[in-house]
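# Inside the fold
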Amino acid sequence: MNLLVQNNECEEEKTRDLSSYIYLPEEEGKAGWKQLSVVEKVSVNQNKVKEEFRVYDAKACDRFEVVKQHYKDMRCYQTLNYVNRMYEKFHKFDKAKMTVWEAFEKLGDYVDSSDPDIDLPNVEHGFQTAEAIRRAGHPEWMQLIGLIHDMGKILFLWGEPCDGMEGTATGKQWALGGDTWIVGVDIPSTVVFPEFNRLNPDMIASATQTKSSSTGIYQKNCGLANCKFAYGHDEYLYRFLIHNKSKFPPEALAIVRYHSCYPFHTKGEYRDLMNDEDHYLLEWVQEFNRFDLYTKDNARPDMVALKPYYNDLIIKFLGEGKLDW
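Residues numbered from 1 in each chain as written. Predicted model: local features only at pLDDT ≥ 70, side-chain atom pairs only at ≥ 80, totals over all residues. Heavy atoms only, no water.

## Brief notes about the environment of aspartate 202
As a reminder of what qualifies: A helix here means a DSSP run of H or I that spans at least four residues, while a strand means a run of E at least two residues long, and both kinds are numbered starting from the N terminus. Summary of the burial criterion: residues with accessible area below 20% of their type's maximum are buried, those above 50% are exposed, and those between are partly exposed, where the area comes from a 1.4 Å probe applied to protein chains only. In what follows, a contact means two residues having at least one pair of non-hydrogen atoms within 4.5 Å. Pairing of N or O atoms within 3.5 Å defines a polar contact, subject to two protein rules: one partner must be a possible hydrogen donor and the other a possible acceptor, and residues neighboring in sequence count only if both atoms are side-chain atoms.
You can see aspartate 202 is positioned in helix H9 (residues 201–206). Its relative accessible area of 28% is what places aspartate 202 among the partly exposed residues. Along the backbone, aspartate 202 and cysteine 76 are 126 residues apart, and their C-alpha atoms lie at a distance of 9.3 Å. In this structure, aspartate 202 is in contact with Thr79 and Leu80, ignoring residues within four places of it in sequence. From its side chain, aspartate 202 meets the backbone nitrogen of leucine 80 in a polar contact 2.8 Å long.

## A word on helix H7 (residues 122–135)
Rule in force here: To estimate how far a helix should reach, multiply one less than its number of residues by 1.5 Å.
In this model, H7 (14 residues) spans 20 Å end to end at C-alpha, consistent with the 20 Å of a helix rising 1.5 Å per residue. Most of H7 is tucked away, with 12 of its 14 residues classed as buried. Buried within H7 are the following residues: Asn122, Val123, Glu124, His125, Gly126, Phe127, Gln128, Thr129, Ala130, Glu131, Ala132 and Ile133. Backbone geometry just after H7 places glycine 137 at a positive phi near 85 degrees.

## Brief notes about the environment of asparagine 221
Assignment of secondary structure puts asparagine 221 in the loop between H9 and strand S5 (228–229). Spatially, the C-alpha atom of asparagine 221 lies 5.1 Å from that of asparagine 275, the residues being 54 residues apart in sequence. Those residues in contact with asparagine 221 that sit more than four places away from it in its chain are Arg271, Asp272, Leu273, Met274 and Asn275.

## Overview of empty space enclosed by the protein
The condition is simple: Cavity: a set of points on a 1 Å grid over the protein atoms alone where a 1.4 Å probe fits but cannot get out. Pocket: an open set with protein on both sides within 12 Å along at least five of seven lines, its lining residues, like those of a cavity, having an atom within 4 Å of a point. Grid points are joined across faces, edges and corners, and a volume is the space filled by probe spheres set on the points. When residues are grouped by polarity, Ala, Val, Leu, Ile, Met, Phe, Trp, Tyr, Cys and Pro land in nonpolar, Asp, Glu, Lys and Arg in charged, and all others, Gly among them, in polar.
Considering all chains together, one arrives at 2 cavities of 30 Å³ or more under this definition. Together, 11 residues line the largest cavity, and Asp179, Val191, Val192, Tyr262 and Pro263 are the ones closest to its centre. Split into classes, the residues belonging to the lining of the largest cavity amount to 5 nonpolar, 3 polar and 3 charged. A volume near 40 Å³ is recorded for the second largest cavity. The wall of the second largest cavity is formed by Phe104, Leu107, Asn122, His125, Gly126, Leu147, His149, Asp150 and Met151. The element that contributes the greatest number of residues to the lining of the second largest cavity is H7, accounting for 3 residues. In terms of residue class, the lining of the second largest cavity is built from 4 nonpolar, 4 polar and 1 charged.

Listed below in structure tokens is the structure:
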């Protein structure tokens, strides 16, 4: 599988073979698997996680139950109506004006309720992802996306418990993280914890309607850009980058919006909704996914030393000064 790799400034084009990069199931046995959070492991192989937790101690089992409850809440509350409300609430981008670095400082207060024992701040995971992408020789825009891809979790600053946007270890976070899906169409059985699909109000309503289960409210091959996804940090950051007139290419925006949609990039769902461009963008999302999942490491990045390099990229793609959040 070949993919044209080029940066946003039309630098020299080169071809890269992605066949050695795309995630393969056998990688679960490698050291990288051990570095994943519980949410990430559930995304990749739910059955393997269940096997692990049967031999872990009670504390680890509790953590798995937290993840399970997280996805149960997502299925119960993430509906088309809810997503529309979040569009209205957050896409005016009138909550704050901050630089990227100021936003990272704010994210330092965020605690992932599904993984309360991991003390790796989001910004450090971002640096690790970005540096791995940089070492692989990918373009500058992809490096910066690696740094900021989880920044949408800053929603916790303005969200409410009823919106599933608490930033505490015991808070509800079903609209901040976790695997997403397209709303307005039946939730596929390939999602994690598919037994909770029946709890979703949209799924209950669709059972009495005659619309196609593969396209729902959308036209066949309408393109994923015209679909709405379960709301979270991905969708917020995607809209944020558009609102602030970033200079990222379409590949970058696709990575931001779709990187948590495992039914799309890992399970082969939504083919009836995809257009030709989506098939091309899918390869970029899959390529990014291996860096997002398998770059966590106990060795902490030297953020002070790396900051000047990434500050130049921020200026290049997002401009100088404060941004609308």
